[in-house]
Each structure stands twice: as structure tokens, then as C-alpha cells.
Amino acid sequence: MKNPKVVALGGGHGLYASLSALRTVTDRLTGVVTVADDGGSSGRLRRELGVIPPGDLRMALAALCGDDEWGRTWSEVIQHRFRSEGDLHEHAVGNLLIVALWELLGDTVAGLGWVGRLLGAQGRVLPMATVPLDIVADVLGADPAEPDRISQVRGQVACASTPGKVLGVSLVPPDPPASPEALQAIHEADWVVFGPGSWFTSVLPHLKVPELQRALVETPARRVVALNLAPQPGETDDFSQQAHLEVLAEHAPDLRIDVVLADAGVVEEPEALDKAVQELGGSLVLAEVAMKDGSPRHDPALLAQAFVQIFATGTGGSRNPGDW
């Protein structure tokens, strides 16, 4: 499939990685971004102005910048953070630019479109919902003094940093309005990509927006999950690769997955992972997609190569588990 319509879902550094790869594969690319961040510059703007948090949207736009001088320069500009002793400290330039356009235009999607045109973004970025959200996590042992007690932790930062074990997440409000443009993009896509990224705070929240989950279940698009290279501290510390898929299924029992992409060098139990993939209705693709420096980061060029093979064949040429 040449130049497929692709929708990538997530947030933060994980979505940045997938969009950085996918923008070299297709020019019909849409990033759908979580809007639950409550920390840092995004959290301050959200609390002060009542807007959806712009930070993950900014990072997604930066990922879509080209490799020419214009793209590299504007990517650095919008990612730049002020350093001061005053109120601007740690605010990202791109966050302020995005919110300014939202205030001037009164339209979230239009504002993001204007920023994308300024950057020369190779694709578009949309919020998953039209209102700011809070993530609520069910956590086992959030209080170290009561390790067997399940309690609720609210807020993305709190959920990502809890000392307990996250069992599942929900959203407040529980039935937020999904972005109409995101729903349309999902219904018209050839492929939908989940991950990589913080599993409970960036990937799974998309499945807790009822309209979005229905669209992801009903779309004729094929679905691929790109697994993380390492556990996420504070979220999935003890998770195996297959455990990520198990919680995905728990949050969206009706969701069928066609392909799961994992790095061949980090999968410790390929047979067990392959079994978990088959239970979701998909096939497992093992490929080298990690940076060569040993860090748990995806290499955009290798990840793009894997996506090209998957989109071309539907499976990426997955091997027999007996060969692993």
C-alpha cells in the first residue's frame, strides 16, 4: 500500500517517535493526541486559561517538522523553554503560540492547523477530545503502608509517578466529547497505530473516550500496536511485553488488533508474546527498531522501515515463532 492514510494515537515522547517515523512513510498522516496532561507548562496554562493542555500537541507538531533548515529551526523554536526567575520559567514557546491562536481564532483544530502550516508540518495534529480531561487510575498499594489496598489516584502526573501498581484507568468526565475531526480521520484511515508511549497515561486513554473507542472498533482500517522498548517507570515497572496487550484488551474487549510490532532485542518470551497477539486476532512482527546506543528509544529510520513493510504486506513478513 503506497501512501496510506494513517492515524497515530498517543502522546508525549512515544507519539513523537511514531510520528517522526511515519511522516517519512506517508503524507496522509494524522496524529490524535491525549489531552489529560496536568503538569508543567501545559498544566499551568490549563489551570489559568481553561484550555486543553497544549504540550503533547506541541510535541506531535514538532515531530512532523521536515528535515530541512526550516523544519529543524521551527521544531527547535516551539520546543524551546524559557529559563528565568519569573512567571515564564519552563513555559514552552510552542505552548504559548498554540494557546494564543486558540484565543484569537476560537477554534482548537484551526489553531493547530495554523501552527502546522507555519512549521511546514508533514501531516496534521488533532486532540482526542474537545475538553481537558483528568486520568483516574486504580492503583494497588498507592500507600506503601497499605500494600494490599486498591485506591484511586487522579491526574496524569500523579498516575505516572505513583509508587503503587496501576491496574487500570478511567477519565473525568467519563463521556467527553471526542474531536469530530479525529473520529472522521479514524473512519477514513487505512491504518491506525497505537503506541509506543506511556501505556496508562498516553495510549489507553484513547480507549476510554466512548465515541473514540467505537470509532476504533468500527473503522475498516487495520490496526497496529507498536510496543515499548522498556517498562515505563511508575506505570509498567514489572510489565512483560504481553502484559501490555492484556491490559489493552481489558480496556477495549471488542478491539481487534491486526499487527503487533516489537523490537526483537527486548522480547524475552517471543512464544508467549505471539500467543497474546493471536488472542487479539493479530500477527507478531519482530524487527530491530531501537537506537543503537542502548537507550530505550526508537530509531525513526528503523521504525519507518518496519512500518513500510507492515503497510506493504499487512504483516511485515512475520516469522514463524519456531525461528525465534
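This section reports on the structure supplied with the text. Keep in mind that what you see is a predicted model, and the values were worked out from it rather than measured.

Next up on the list: helix H4 (residues 69-79). Inspection of H4 places Gly-71, Ser-75 and Ile-78 among the buried residues, and these make up the whole buried set. Along the axis of H4, the buried positions cluster into a sector of 75°, meaning they face one direction only. Of the exposed residues in H4, the ones pointing more than 90 degrees away from its buried face are Glu-69 and Glu-76. Looking at the buried residues of H4, the elements they touch are helix H3 (55-63), helix H5 (93-105) and helix H6 (108-119).

Right, let's talk about H3 for a bit. Taking burial as the measure, the nine residues of H3 include nine buried ones, the bulk of the element. Every buried residue of H3 is accounted for by Gly-55, Asp-56, Leu-57, Arg-58, Met-59, Ala-60, Leu-61, Ala-62 and Ala-63.

Pro-173 follows Val-172 through a cis peptide bond whose omega is 0°. As for its placement among the helices and strands, Pro-173 is situated in the loop between strand S6 (165-172) and helix H8 (180-188). With an omega of 0°, the peptide bond running from Gly-195 to Pro-196 counts as cis. Following the sequence through the fold, Pro-196 ends up in the loop between strand S7 (191-194) and helix H9 (199-203). Unlike most non-glycine residues, Asn-3 shows phi in positive territory, near 50°. Residue position: Asn-3 is located in the segment before strand S1 (6-10). Phi angles above zero are rare outside glycine, and Glu-90 is one such case at about 75°. Looking at where Glu-90 falls in the secondary structure, it is placed in the loop between H4 and H5.

The strand order across the open sheet built from seven strands is S3-S2-S1-S7-S8-S9-S10, with neighbouring strands paired in parallel fashion. Looking at which strands have only one partner, the edges of the open sheet turn out to be strand S3 (124-127) and strand S10 (283-287). Averaged over all pairs of adjacent strands, the angle between their axes in this sheet comes to 20°, without regard to strand direction. Judged from the three bridges that link them, strand S8 (residues 222-226) and strand S9 (residues 259-263) form a sheet pairing that is parallel. Counterpart to Val-225 in the pairing with S9 is Val-260.

Procedures and definitions
Throughout, residues of each chain are indexed from 1 in the direction in which the sequence is written. Local features in a predicted model are, by the rule used here, given only for residues with pLDDT of at least 70; side-chain atom pairs are given and counted only at 80 or more, and totals for whole chains, interfaces and linings are based on all residues. Hydrogens are left out, water is left out, and the side-chain values use all remaining heavy atoms of the structure. Each residue gets one of three labels from its accessible area relative to the maximum for its type: buried under 20%, exposed over 50%, partly exposed in between, using a 1.4 Å probe on protein chains only. Numbering of helices and strands runs from the N terminus; a helix is a DSSP stretch of H or I covering at least four residues, while a strand is a stretch of E covering at least two. Directions from the helix axis toward the C-beta atoms define the arc. Here a residue-residue contact requires only that any non-hydrogen atoms of the pair lie within 4.5 Å. One bridge is not enough; two strands pair if DSSP finds at least two bridges between them. Between N-to-C directions, angles cover 0 to 180 degrees, with each direction set by a line fitted to C-alpha atoms, over the stretch in contact for helices.

Just geometry here; none of it tells us what the structure is for.
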